[in-house]
Amino acid sequence: MVTDAREGQGLLATIIYDEGVAQGVRETVESVRSATAKIDEGDGAIARLINDGTIADDFQAALRGFTSQDSTIGRLMTDTEVYDNVVQLSADLADAGTALREERGTLGILLNDDTIARDVERAVAVLTGGLEEQREAAPIATFLSTVFLGF
């Protein structure tokens, strides 16, 4: 391995003799130094997480809250009745989804049967056509009623 490095072959030779790699390493080390200095000085979110004890205290309080009987997550983790209700709700939603996919029930049929959608479209078209005919006939009916009321 040392012989290969002296002859300029392999990864070790690249690390030792390649100026581009050496410059990259120098830049990386300087970047790590800069980031470490910023953390030590208290700049940024990571520095606050590391240097500010109140954040750690708040985090521990939040974790205690999760396991407390007073919190929702704590009740989910410790109260079997709440857990069983969530499991039952999940099972019910899965059953409802299956029923919809299998076209069971009115909603399942409405969602999956294209013939019903076409029938509804036709019914709306007929209703729209009837309304348009009534609107067009209204002036004629008004005119005729005015004419015949005079006799």
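Residues numbered from 1 in each chain as written. Predicted model: local features only at pLDDT ≥ 70, side-chain atom pairs only at ≥ 80, totals over all residues. Heavy atoms only, no water.

1. Digging into the overall build of the protein chain
A count of helices and strands for the protein chain gives 9 helices and 0 strands. Beginning at the N terminus, the succession of helices and strands in the protein chain can be written as α-α-α-α-α-α-α-α-α. At 39 Å, the protein chain has a C-alpha radius of gyration far larger than the 15 Å of a compact globule built from 151 residues. Counting only C-alpha atoms and orienting by the principal axes, one finds that the protein chain spans roughly 120 × 55 × 40 Å. Summarising the internal contacts of the protein chain: among those between residues at least 6 apart in sequence, 0% fall at separations of at least 24. A distance of 3 Å separates the average location of the 12 positive side-chain charges in the protein chain from that of its 27 negative side-chain charges. (Helix = DSSP H or I, 4+ residues; strand = E, 2+ residues; numbered from the N terminus. Rg over C-alpha atoms; globule rule 2.2 N^0.38 Å. Contact = heavy atoms within 4.5 Å. Lys, Arg positive; Asp, Glu negative; His and termini not counted. Charge placed at Lys NZ, Arg CZ, Asp CG, Glu CD.)

2. Here's the deal with the confidence of the model for the protein chain
Looking at the protein chain as a whole, its pLDDT mean stands at 82, while 97% of the residues score no less than 70. Element-level pLDDT for the protein chain is lowest in helix H1 (residues 2–6), with a mean of 74, against a maximum mean of 91 in helix H7 (residues 80–101). (pLDDT = per-residue confidence, 0-100.)

3. Here's the deal with the pattern of salt bridges
Side-chain pairs of opposite charge can arise whenever the charged atoms involved come near each other. In total, this model carries 4 salt bridges according to the counting rule given. In this structure, Arg-33 and Glu-30 form a salt bridge, with 3.5 Å as the shortest nitrogen-oxygen distance. Of this pair, Arg-33 and Glu-30 both sit in helix H3 (residues 19–41), 3 residues apart, roughly one helical turn. The partly exposed category is assigned to Glu-30, whose relative accessible area is 45%. When the shortest N-O distance is used, the salt bridge between Asp-119 and Arg-122 registers 3.0 Å. (Salt bridge = Lys/Arg side-chain N within 4 Å of Asp/Glu carboxyl O. Buried < 20%, exposed > 50% of the residue type's maximum accessible area, 1.4 Å probe, protein only.)

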